[in-house]
Amino acid sequence: GSLTKEGAARLNGQLKEGVPFAPAEGDAGTGMTATNAVSPRTGNVSAGTSIFAMVVLEHPLKNIYPEIDVVATPAGAPTAMVHCNNCTGEIDAWAAVFMEFAEKAGFFMQKAACYNLLYRAALEADGPPQACVAYNYLAGEPVAGIEQGRPLVMRMLGMRWGLAEFMRAQLYTACATLRVGMDILTQREHVEMQCLTGHGGFFKTPGAGQKVM
């Protein structure tokens, strides 16, 4: 893009109209800009292979937390960032298993159809959440104090357990570590948010990722 006449006027003549501009570098800057999460009390969640939330602050944080990085919007407003290494990687691994099973059973599935089926199945779970618990750590997770990846699935005996409960656990765990940092912001620092916009592969199936997040 290029700088408009109105934009140049805001910069007090330091740059001229028509100067070419490139998008902000990296997922963080582009995510804030694309979701218009650049004002205090707004934020965005990018959820794909990794997951992070960025919340624009009204006031600087009172304390320092290893789980939270303090960055800035393109305009320089202080922003709290919670970044987790793991999100949909374990879901991707299980989707590949299900697609392989379907192929061996003589039924070819498009990748998008498989993901939509699995994500929608998660919304059908009606058993207790503890029926199945998953840890999606393919890589180490500093926010949780985990040095190496150890993906894990556990289920409780005697509880209803099927595809719906299994996928609900997978979608929950994709967001669970992010919750650690978000709890610090909301409970210890009393950060308030009016709008939190999600983007990334986790939200492609309508309604599923949004509801879980």
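Residues numbered from 1 in each chain as written. Predicted model: local features only at pLDDT ≥ 70, side-chain atom pairs only at ≥ 80, totals over all residues. Heavy atoms only, no water.

Here we take up the sheet that holds strand S7 (residues 195-199). Strand pairing in a sheet takes place through backbone hydrogen bonds and is either antiparallel or parallel in direction. Pairing within the open sheet is mixed, and its 5 strands lie in the order S3-S4-S2-S1-S7. The sheet is open, and its two borders are formed by strand S3 (69-72) and S7, each paired with just one other strand. The average undirected angle you get between the axes of adjacent strands in this sheet is 25°. (Pairing = 2+ DSSP bridges. Helix = DSSP H or I, 4+ residues; strand = E, 2+ residues; numbered from the N terminus. Axes fitted to C-alpha atoms, helices over the stretch in contact; angles between N-to-C directions.)

The next thing to look at is helix H3 (residues 89-104). In this model H3 runs 23 Å from its N-terminal to its C-terminal C-alpha over 16 residues, within 8% of the 22 Å that 1.5 Å per residue would give. Of the residues making up H3, those classed as buried are Gly 89, Glu 90, Ile 91, Ala 95 and Ala 102. Buried positions along H3 lie against helix H4 (111-122) and helix H5 (163-188). Phi for Gly 106, located one or two positions after H3, is positive at around 90°. (Expected span 1.5 Å × (residues − 1). Buried < 20%, exposed > 50% of the residue type's maximum accessible area, 1.4 Å probe, protein only. Contact = heavy atoms within 4.5 Å.)

Compared with the 38 Å implied by 1.5 Å per residue over 26 residues, the 37 Å span of H5 between its first and last C-alpha is a close match. Positive backbone phi, approximately 55°, marks His 190, located one or two places after H5.

Moving on: the pattern of salt bridges. This model, assessed by the stated rule, comprises 4 salt bridges. When the shortest N-O distance is used, the salt bridge between Glu 192 and Arg 41 registers 3.0 Å. With Glu 192 in the loop between H5 and S7 and Arg 41 in the loop between helix H2 (26-34) and strand S1 (42-47), this residue pair connects regions lying 151 residues apart in the sequence. Salt bridges sharing common partners tie together Arg 41, Glu 58 and Glu 192. (Salt bridge = Lys/Arg side-chain N within 4 Å of Asp/Glu carboxyl O.)

Before going further, it helps to spend a moment on the environment of Glu 147. Take Glu 147: it is sitting in the loop between strand S5 (132-135) and strand S6 (152-155). Judged by its relative accessible area of 77%, Glu 147 falls in the exposed class. A C-alpha to C-alpha distance of 9.8 Å links Glu 147 and Tyr 137, two positions 10 residues apart in sequence.

This part is about the packing of aromatic side chains. A full pass over the atoms with the stated rule returns 8 aromatic pairs. Ring geometry for Trp 94 and Phe 98: centres 6.4 Å apart, planes at 35°, overall tilted. You can see Trp 94 and its partner Phe 98 sitting in helix H3, 4 residues apart, about one turn around the helix. The partly exposed category is assigned to Trp 94, whose relative accessible area is 28%. Assessed through its relative accessible area of 28%, Phe 98 is described here as partly exposed. Centre to centre, the rings of Trp 161 and Phe 166 are 6.4 Å apart; their planes meet at 85°, and the pair counts as edge-to-face. Here the aromatic residues Trp 94, Phe 98, Trp 161 and Phe 166 are joined through ring pairs into a cluster of three or more. The aromatic ring of Trp 161 is capped on one face by Arg 155, whose charged end is 4.7 Å from the ring centroid. (Phe/Tyr/Trp six-rings, centres within 6.5 Å; stacked < 30°, edge-to-face > 60°. Lys NZ or Arg CZ within 6 Å of the ring centre and 35° of its normal.)

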